Amino acid sequence: MKLKLTRRQFSLLAVLATAATTTRLFTNKILAQESSTVILGVRPGDISDTNTSTDPNSDTTDLTDGKATADIVSSSLQTIVVESFDVGSLEIKTVLTTPPILETGEQLSGFASLKDGRLVVAATNINTDNKKRQSVRLIFLSDSKSVPISGLKNQEALRSLLRLKDGTLVGLVNKINGTPPSRIVRINPNTGQITNKSKIPDQKRVTTIAQCPDENFYRIATKKTGDTYLFQFGQEKSIKLSFDGQPWNSGFIGLVCAGSNQLYALGALRHQEYPFYLHIINGKTGKIKRIQKEFNVSAITIR
């Protein structure tokens with residue numbers, strides 16, 4: 001028995017087939033974009049034993065030229081570990097482990113990939129004797145060399161590092177306790193000298209900044225109530241962030257933008273400070289989607 005179709009039925013089937021093909025192509029495109037997105041995270045590693053040296057036979061893959069220096073170190077120093085998170089496969093790999101260099105009391109407060117490919121972190125050490133002062137240095141992970149940051153005022157902290165599209169290294173500066181006012185500064189990676197770039201006008205707690213390939217520049221800010229907002233620089237409009245239908249009230253410790261102009265943020269829910277997760281932020285609606293795999297790092301960047 002042959003099935004006869006009217007011209008209208010045939011046209012409808014053709015439209016449905018085309019729509020299905022388009023949907024598959026769109027889905028495949030999204031998956032391809034996700035699989036190509038690799039986010040780097042940095043965290044403190046193990047504390048070294050007395051008279052311990054770097055293991056030249058380590059199977060850790062270095063993102064640079066693979067050179068390592070075996071130095072005798074003090075037991076109070078820690079290594080710095082870089083991990084990669086593949087958004088598509090959810091695979092986490094250790095890609096670099098430095099010799100012990102992080103000093104007691106230092107916290108990793110920023111992470112960036114420079115234009116020449118070098119990875120650099122900001123290590124902050126608050127003076128326990130005088131909490132109005134702190135020391136900050138840039139540590140280059142390829143050779144563990146460091147440069148002290150100069151130009152911060154009393155009670156100021158360097159909260160975030162970011163390489164702009166033009167190659168400039170900038171940082172987010174606010175008070176040691178995280179309160180405003182906040183400002184964006186240029187950082188000379190060779191000298192550590194900072195210079196003012198722009199002030200952030202709002203009086204909210206700004207925690208992190210990012211720039212997308214389309215050159216849109218974003219910041220995440222948190223009110224005293226904990227409600228968290230996404231701001232685009234140059235626009236007055238803000239977007240309130242939400243997760244599972246509820247306001248996100250915890251801020252974020254890291255923000256990056258992928259090649260598809262997709263924003264990813266690192267953080268955890270309020271009163272659940274640990275573990276951290278990566279989250280996808282819809283820049284138009286403010287809705288947050290969690291990537292359900294822990295990524296316990298101190299700061300993130302993207303190449």
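In the block above lies the structure referred to throughout.
Described in the following lines is the structure provided in the data block. Since the model is a prediction, treat every value here as computed from it, not as a measurement. (Residues numbered from 1 in each chain as written. Predicted model: local features only at pLDDT ≥ 70, side-chain atom pairs only at ≥ 80, totals over all residues. Heavy atoms only, no water.)

Attention now goes to the sheet that holds strand E21 (residues 287-294). The mixed open sheet is built from 6 strands, whose spatial order is E17-E16-E21-E20-E19-E18. Each end of this open sheet is capped by a strand with a single partner; those strands are strand E17 (246-247) and strand E18 (254-257). (Pairing = 2+ DSSP bridges. Helix = DSSP H or I, 4+ residues; strand = E, 2+ residues; numbered from the N terminus.)

For strand E13 (residues 217-222), the buried fraction is high: 6 of the 6 residues fall into the buried class. With burial as the criterion, each face of E13 is covered, one bearing Phe-217, Arg-219 and Ala-221 and the other bearing Tyr-218, Ile-220 and Thr-222. With 6 bridges connecting them, strand E12 (residues 205-211) and E13 associate as antiparallel partners. Residue pairing in the sheet places Ala-210 in a bridge with Tyr-218 of E13. Where E12 folds back onto E13 in an antiparallel hairpin, the turn is made up of 5 residues, including Glu-215, whose phi is positive at roughly 75 degrees. The hairpin formed by E13 and strand E14 (residues 228-232) contains 5 residues between the paired strands, and Gly-226 there has a positive phi angle of roughly 100 degrees. (Buried < 20%, exposed > 50% of the residue type's maximum accessible area, 1.4 Å probe, protein only.)

Here we take up the pattern of salt bridges. Inspection of the entire model under this criterion finds 6 salt bridges. The salt bridge involving Arg-137 is made with Glu-106; its shortest N-O contact spans 2.8 Å. Note that Arg-137 is positioned in strand E6 (residues 134-140) and Glu-106 in strand E4 (residues 106-113), a separation of 31 residues in sequence. Classification of Glu-106 as buried rests on a relative accessible area of 9%. Between Arg-118 and Asp-116 there is a salt bridge; the shortest N-O distance is 2.8 Å. The exposure class of Arg-118 is partly exposed, given its relative accessible area of 26%. On the basis of relative accessibility, which here comes to 53%, the residue Asp-116 falls in the exposed class. (Salt bridge = Lys/Arg side-chain N within 4 Å of Asp/Glu carboxyl O.)

In the segment running from Pro-180 into Pro-181, the intervening peptide bond is cis, with an omega of 5 degrees. Here Pro-181 is to be found in the loop between strand E9 (169-175) and strand E10 (182-187). Non-glycine residue Leu-90 carries a positive phi angle of around 60 degrees. Within the element layout of this structure, Leu-90 appears in the loop between strand E2 (78-86) and strand E3 (92-97).

If you trace the 4 strands from one edge of the open sheet to the other, you get E12-E13-E14-E15, paired in antiparallel fashion. Of all the strands in the sheet, the pair left with one neighbour each is E12 and strand E15 (238-240). Taking each pair of neighbouring strands and ignoring which way they run, the sheet shows an average axis angle of 25 degrees. (Axes fitted to C-alpha atoms, helices over the stretch in contact; angles between N-to-C directions.)

By the secondary structure assignment, Thr-124 is in strand E5 (residues 119-126). For Thr-124, a relative accessible area of 10% puts it in the buried group. A distance of 2.7 Å separates polar atoms of two side chains, one belonging to Thr-124 and the other to Ser-109. In contact with Thr-124, other than residues within four places in its own chain, are Gly-105, Glu-106, Gln-107, Ser-109, Gln-134, Ser-135, Val-136 and Leu-158. (Polar contact = N/O pair within 3.5 Å; in protein donor to acceptor, adjacent residues only side chain to side chain. Contact = heavy atoms within 4.5 Å.)

Relative to the helices and strands, Lys-199 is located in strand E11 (residues 194-200). We classify Lys-199 as exposed; its relative accessible area is 73%. In sequence terms Lys-199 and Arg-183 are 16 residues apart; their C-alpha atoms lie 4.3 Å from each other. Not counting chain neighbours up to four residues away, the residues in contact with Lys-199 comprise Ser-182 and Arg-183.

No statement about biological role is implied by the geometric values presented.
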